[in-house]
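# A closer look at the structure
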Amino acid sequence: MHRASVLRSRLTSLSHLHKKLTTSLPQQLTSNQHLSHRLAHLEIMTRHLHSTTSSSSNNGNTKRGSTKKRYATTALIASATASVSYAGYFFFSSAAIPAVSGESVTEETDAKRKTAVFKEQRSSDPTFGYEYVGFDSYPGIELDDGTGVATAELKAASVKNVASALDAAGFDENMRGDKSESTTLNPNHALRLGLGACPTYGCPFLPSDVHYNDQTKLALEELRKKTITADDNKSSLLKTSGTEKAATLTLIGYKGGRMEDQINQDRAFVLSPFMYRNIMKEDSKVRPVARLLGVFDGHARLGERVSEYVVKTLPALLGSKLVAKEELSNQEIGKILHQTFVEIDASSPADPSGGCTASIVLQIDSNIYIANAGDSRSFVAVHIIDPISKAETTHLIYGTREDKPHLSFERLRVEAMGGNVYIPPGGKGTTRVLYQDPTTGSTSGLAMSRSLGDWDAGDVGVVPDPTIAILNIKDIKSKVIEKLNKSCQDKAKEVEIDPATGESTPSSDCATYGENDVKVFTFSATDGLLDYIPENSIAEHVAKGLYNNKEAEQNIHLLTACEDLIYAAAQGWQEDKGGRYRDDIAISVADLESDP
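Residues numbered from 1 in each chain as written. Predicted model: local features only at pLDDT ≥ 70, side-chain atom pairs only at ≥ 80, totals over all residues. Heavy atoms only, no water.

## What to know about the overall build of the protein
- Helix and strand counts for the protein stand at 15 helices and 26 strands.
- Residues counted as buried form 55% of the 596 residues belonging to the protein.
- Long-range contacts, defined here as pairs at least 24 residues apart, represent 74% of the contacts in the protein between residues at least 6 apart. (Helix = DSSP H or I, 4+ residues; strand = E, 2+ residues; numbered from the N terminus. Buried < 20%, exposed > 50% of the residue type's maximum accessible area, 1.4 Å probe, protein only. Contact = heavy atoms within 4.5 Å.)

## A look at the environment of G528
- Tracing the backbone shows G528 in helix 13 (residues 527-530).
- Looking at G528, the relative accessible area reads 0%, which means it is buried.
- Between the C-alpha atom of G528 and that of T250, which follows or precedes it by 278 residues, the distance is 9.9 Å.
- For G528, the residues in contact, after removing those within four places along its chain, are A569, W573, D583, D584 and I585.

## Section: the sheet that holds strand 20 (residues 443-446)
- The three strands are arranged 18-19-20 in an open sheet whose pairing can be described as antiparallel. The sheet is open, and its two borders are formed by strand 18 (420-422) and strand 20, each paired with just one other strand. Here the average twist between neighbouring strands, direction ignored, is 45°. (Pairing = 2+ DSSP bridges. Axes fitted to C-alpha atoms, helices over the stretch in contact; angles between N-to-C directions.)

## Overview of the pairing of strand 22 (residues 467-472)
- Most of strand 22 is tucked away, with six of its six residues classed as buried.
- Of the two faces of strand 22, the one holding T467, A469 and L471 and the one holding I468, I470 and N472 are both buried throughout.
- In this structure, strand 8 (residues 131-136) lies alongside strand 22, joined through four bridges in antiparallel fashion. Following the sheet pairing, D136 is matched in strand 22 by T467.

## Some points on the pattern of salt bridges
- Summed over the entire model, instances satisfying the criterion amount to 21 salt bridges.
- Residues R122 and E131 are paired through a salt bridge, measuring 3.5 Å at the closest nitrogen-oxygen approach.
- Judged by its relative accessible area of 52%, R122 is exposed.
- Accessibility expressed as a relative area gives 46% for E131, which makes it partly exposed.
- What you see here is one network of salt bridges that share partners, running through D136, R401, D403, E410, R413 and R450. (Salt bridge = Lys/Arg side-chain N within 4 Å of Asp/Glu carboxyl O.)

## Quick notes on the packing of helix 8 (residues 303-323) against helix 9 (residues 330-347)
- In the contact formed by helix 8 and helix 9, the axes pass within 10 Å of each other and the chain directions differ by 140°. On the basis of their axis angle, the class for helix 8 and helix 9 is oblique. In terms of crossing hand, the pair formed by helix 8 and helix 9 is right-handed. Residues Y309, V310, T313, L314, L317, L318, K321 and L322 of helix 8 form the contact with helix 9, whose own contacting residues are I333, I336, L337, Q339, T340, F341, E343, I344 and S347.
- Tallied by class, residues from the contact of helix 8 with helix 9 come to 11 nonpolar, four polar and two charged. (Parallel < 35°, antiparallel > 145°, perpendicular 65-115°, else oblique. Left-handed = near helix turned anticlockwise from the far one by under 90°. Nonpolar A, V, L, I, M, F, W, Y, C, P; charged D, E, K, R; others polar.)

## Section: the sheet that holds strand 16 (residues 377-385)
- Strand order in the open sheet formed by six strands is 9-10-26-25-16-17, and the pairing between neighbours is mixed. The sheet terminates laterally at strand 9 (208-209) and strand 17 (392-399), the two strands that pair on one side only.
- Two strands pair when backbone bridges link them, and strand 9 and strand 10 (residues 246-251) are joined in this way by two bridges, in the parallel orientation. Directly across from S208, in strand 10, lies its bridge partner L249.
- The strands that helix 14 (residues 535-546) touches are strand 16, strand 17, strand 25 (518-525) and strand 26 (585-591); relative to strand 25, the one it contacts most, it runs at about 120°.

## Thoughts on the packing of aromatic side chains
- By the definition in use, this model includes nine aromatic pairs.
- A ring pair is formed by Y532 and W573, whose centres lie 4.6 Å apart and whose planes are at 55°; its orientation type is tilted. On the criterion of sequence distance, the pair formed by Y532 in the loop between helix 13 and helix 14 and W573 in helix 15 (residues 558-577) is long-range, its members being 41 residues apart. Exposure class is identical for Y532 and W573. Each is buried. (Phe/Tyr/Trp six-rings, centres within 6.5 Å; stacked < 30°, edge-to-face > 60°.)

## A closer look at the packing of helix 14 against helix 15
- At a minimum axis separation of 7 Å, helix 14 and helix 15 run at an interaxial angle of 155°. In terms of orientation, helix 14 and helix 15 fall into the roughly antiparallel class. The crossing of helix 14 and helix 15 is right-handed. Contacts from S537, I538, H541, V542, G545 and L546 of helix 14 reach helix 15 at L558, A561, D564 and L565.
- Residues that form the contact of helix 14 with helix 15 fall into these classes: six nonpolar, three polar and one charged.

## So, the environment of D345
- Looking at the element boundaries, D345 is found in helix 9.
- Residues D345 and G453, spaced 108 residues apart in sequence, show a C-alpha to C-alpha distance of 5.2 Å.
- In contact with D345, not counting residues within four places along its chain, are S451, L452, G453, W455 and P464.
- Engagement of the side chain of D345 in a polar contact is seen with the backbone nitrogen of G453, the distance being 2.7 Å. (Polar contact = N/O pair within 3.5 Å; in protein donor to acceptor, adjacent residues only side chain to side chain.)

## So, the confidence of the model for the protein
- Residues of the protein with pLDDT of at least 70 account for 70%, and the chain-wide mean is 78.
- Per-residue pLDDT stays below 50 along residues 1-96; that stretch engages in 243 contacts with residues further than four places along the chain or on separate chains.
- Note on residues 179-185: pLDDT is under 50 here. Beyond four places in sequence and across chains, it has 17 contacts. (pLDDT = per-residue confidence, 0-100.)

## Side note on the pairing of strand 14 (residues 358-364)
- For strand 14, the buried fraction is high: seven of the seven residues fall into the buried class.
- The two faces of strand 14 match: A358, I360, L362 and I364 on one face and S359, V361 and Q363 on the other face are all buried.
- Across six bridges, the pairing between strand 12 (residues 290-299) and strand 14 is antiparallel. By the bridge assignment, V295 is partnered in strand 14 with S359.
- The pairing of strand 14 with strand 15 (residues 367-373) spans seven bridges and is classified as antiparallel.

Structure (structure tokens):
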């Protein structure tokens, strides 16, 4: 489609990224502020939003790119209130932990033909030195003959594959739903409440709105007061949105106009367990531990149709491809994830408009596979408990990158395909891929370089191909334990001399860490949360919900931990935008070692 010589002449160098400001303006909230104070805060925000009419666009554009402030504090959120403080501007956010860079590669196999290979990228986290493998599933510019826009043949084949997968998963017409603009946020909740049948791969946890769903709000308050427990079968929230070890919640945003006209375009799910082998109704006794979770952030007009479609179809399509293979190597699973993203994109209801991000975590036994397209993100973290002092710390091991147009290889592809990358003056905003909106005819800007759907942006280099990372739970724990024990042993070699007696004693007691002292968990979140809460703070608070001491007075449930984070982000949006705009927010969380 584009000759290499023409491509190279069109490429321009990437502008230097602006420095991130690191000023901190602490804002403390007193410890005696109760849950009612925090809930009342959003009520006040809502009334303010109702009275705000300066921004009337509902879903006609993609994510807005005005300057965003991220919030951080050493004690981010108390159990009864969400406290945040300014941590400076993040113009072009990037992970503080290693991520797959997305550099694609081609390999010359003969004089006339080039074929794509998955170029492994090995990197390690800076704290413990755990090494993971990642690769970019995008085949490279020289082989790209239009992957951003599926051919008619690929669309037809993908539609057929998805239909077959849904049939195999036991989806009837009611479970599939229609393609109208009026979509439901949690279509399968009735199934978990015993009002229908779950898909053969299991019934997913789906997010309830923490504020605008009255039943959910009441259930969360009761969880805080401990008037209901994780074993309470009377709570619909504990049946539909989570447990002590897996959960997902959301909050609808505000984009102008009446609150009742707002549409939540974020979708999410947690499948724990993910019983994909049941799709083929196998009688095999081999049942690997499997989980699947993710978030999908819809954007543009009708973006909620695409994100809803992805939530309903991705588990069935991915599961059908996994079970069709007798042996699954890491490379094979990587290819399956790539095929799943491409086929979901090709079959999605993106005509005339709409798209979504996709960030998923798949666990099969001790292996973790993370696939990401867009600016939602997924993370793997460890929670460590000192066996002597019982002090607890949380560390991120891996996090996906944000697929932003200013990244060198992303910008190179967009411009090679005839597109333009908008970089805001002074760096105060979000870089965007410019394309013509099919519904308005005007130029729109997509705040990411990869997504599902967004076919018109696909003409100018926006692709569905995910970056993929492969990690292993056992190897993570082994590396962390090794580093902790070595560090402690080195410290124990140091001695302190008593000046009075001259006797020497070890400078510290040395703890010996074991398997039970290191926990591994994962979470995925949309940018509505990540734009205002640092990923480290998210990990720390999620860990409090996952690994709390049930007998402690101040322990929190995983669902209320997610609620805390959502309200903290909502407060950030409120203070930054003055009530004129708030993005949809969604989070999915799962412990990776508990019985699903």
